[in-house]
Amino acid sequence: MKRRQFIKNASLTGVGLAVGATLSSCEDKNSKTETKENKESVADLKGLPLVIATWDVKDATAKAMEVLQAGSNALDAVEQGCRVEEANEKGQSVGKGGLPDRDGNVTLDACIMDKHGNCGSVVYLQNITHAVSVARKVMEDTPHVMLAGEGAKQFAISSGFKPEDLLTEASKEAWEKWKIEAKYKPIINIENHDTIGMLAIDKNGDISGACTTSGLAYKMGGRVGDSPIIGSGLFVDNEIGACVATGLGEEVVKIVGSFLVVELMRQGKSPQEACEEAISRIVNKPNSNYKDFQVGYIAVNKKGETGSYAIHQWFSMTKFQDGVNEQIQSDFFNKA
């Protein structure tokens with residue numbers, strides 16, 4: 001072999017060995033990185049699935065957890081969980097049996113949002129119990145996000161929902177009693193029970209949320225609060241976390257509350273810190289009359305960490321995790 005060819009071959013062999021060693025080193029590093037990522041992924045899934053909801057609604061969170069443990073996703077869980085309260089006539093909260101507006105009409109608002117950021121909403125819906133399910137149909141079966149009033153009702157009926165009278169005798173009696181004086185002043189921690197907001201993380205770590213309400217009792221006909229408004233009553237970002245609000249909807253809308261909480265979590269705040277900051281935005285507004293109304297938030301991040309905070313005492317969150325379904329009293333701002 002000629003010397004020039006020998007040197008050339010030797011050089012190529014050296015390059016080959018060097019490349020091989022480099023590739024081997026990269027493979028080792030990639031393998032270690034993948035192992036680390038896999039361990040982190042497994043760690044992140046501890047404590048899942050998880051369900052949280054506004055107020056003391058253990059039957060609703062139990063239903064949602066049942067759905068999750070059966071292998072369904074977070075979207076199915078929040079829908080089915082909220083339906084429990086919508087069908088609860090005795091609670092006079094949401095759906096059938098909800099307290100009417102000042103004209104005696106039970107009108108419902110609801111929204112739902114999935115892990116992809118898809119969302120659906122209904123406002124001023126009448127005579128259909130499960131507004132949250134109609135909202136899901138809007139999300140999945142139409143090119144729209146929101147349907148209102150008679151249009152929402154006709155869409156629901158065409159989708160197979162049965163119309164029925166939602167004003168029960170108990171709610172009618174309460175309305176008749178209210179009409180004697182017809183004073184409209186929201187009562188802290190009373191009007192809020194007309195809303196259930198629910199967030200869930202399934203076993204895959206994916207987040208969905210829903211919110212449904214009959215709104216403030218004896219409101220003006222046509223009034224809509226924050227609950228069906230994406231970004232105000234509910235917001236889900238599957239990369240970061242989710243938030244849902246309850247309380248005086250007008251005040252939540254003014255700061256786009258749920259979106260704000262999620263964005264604060266994106267900036268590095270914990271769910272608890274983010275909820276507290278969102279409440280501070282309300283109470284610190286110039287001339288705020290926060291002592292006269294309640295607002296509360298619950299939130300969860302991608303790690304499964306949760307938070308809740310309100311303006312006044314006695315707001316609570318129901319949390320179902322690791323086999324424990326419990327009501328947790330929220331911390332609050334107005335301790336004076």
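Quick caveat, the model's predicted, so the values are computed rather than measured.

Thresholds, definitions, all that
Residues numbered from 1 in each chain as written. Predicted model: local features only at pLDDT ≥ 70, side-chain atom pairs only at ≥ 80, totals over all residues. Heavy atoms only, no water. Buried < 20%, exposed > 50% of the residue type's maximum accessible area, 1.4 Å probe, protein only. Helix = DSSP H or I, 4+ residues; strand = E, 2+ residues; numbered from the N terminus. Pairing = 2+ DSSP bridges. Contact = heavy atoms within 4.5 Å. Axes fitted to C-alpha atoms, helices over the stretch in contact; angles between N-to-C directions. Parallel < 35°, antiparallel > 145°, perpendicular 65-115°, else oblique. Left-handed = near helix turned anticlockwise from the far one by under 90°. Nonpolar A, V, L, I, M, F, W, Y, C, P; charged D, E, K, R; others polar. Core = buried A, V, L, I, M, F, W, Y, C linked by side-chain atoms within 4.5 Å.

Visitor: Go over the pairing of strand 7 (residues 234–237), please, and point to the residues and values.
Guide: Burial along strand 7 is two-sided: Leu 234 and Val 236 facing one way and Phe 235 and Asp 237 facing the other are all buried. In this sheet, strand 8 (residues 241–247) lies alongside strand 7 in antiparallel orientation, the contact comprising four bridges. Among the inter-strand pairings, Val 236 is bridged to a residue of strand 8, identified as Ala 242.

Visitor: Account for the sheet that holds strand 9 (residues 295–301), naming residues and giving values.
Guide: Reading across from one edge, 7-8-9-10-13 is the order of the five strands in this open sheet, with mixed pairing throughout. The outermost strands of the open sheet, each flanked by one partner alone, are strand 7 and strand 13 (331–332). Direction of pairing for strand 9 relative to strand 10 (residues 306–310): antiparallel, over a ladder of five bridges. The partner of Val 300 across the bridge, within strand 10, is Thr 306. Each of strand 7, strand 8 and strand 9 touches helix 8 (residues 257–266); the most contacted strand, strand 8, lies at about 145 degrees to it. Across the sheet, helix 9 (residues 271–283) lies against strand 9, strand 10 and strand 13, angled at about 20 degrees from strand 10, the strand it touches most.

Visitor: Now, about the packing of helix 8 against helix 9: what can you tell me, with residues and values included?
Guide: In the contact formed by helix 8 and helix 9, the axes pass within 9 Å of each other and the chain directions differ by 135 degrees. On the basis of the axis angle, helix 8 is oblique to helix 9. The interaxial crossing formed by helix 8 with helix 9 has right-handed handedness. Every residue of helix 9 that contacts helix 8 at Leu 260, Val 261, Leu 264 and Met 265 is listed here: Pro 271, Ala 274, Cys 275, Glu 277, Ala 278 and Arg 281.

Visitor: Tell me about the packing of helix 4 (residues 131–141) against helix 5 (residues 149–158), and name the residues and values.
Guide: Across the interface, helix 4 lies against helix 5 with an axial gap of 10 Å and an inter-helix angle of 85 degrees. Considered as vectors, helix 4 and helix 5 are oriented roughly perpendicular to each other. In contact with Val 134, Lys 137 and Val 138 of helix 4, helix 5 contributes Ala 152, Phe 155 and Ala 156. A breakdown of the residues in the contact of helix 4 with helix 5 according to their chemical character gives five nonpolar, no polar and one charged.

Visitor: Could you give an account of the nonpolar core, with specific residues and numbers?
Guide: Ranked by internal contacts, the top residues of the largest apolar core, which has 46 residues, are Leu 199, Val 261, Val 295, Tyr 297 and Ile 311. With six residues, the single largest contributor to this core is helix 9. Ala 60, Leu 75, Val 106 and Met 198 belong to the second largest nonpolar core, which has 39 residues in total.

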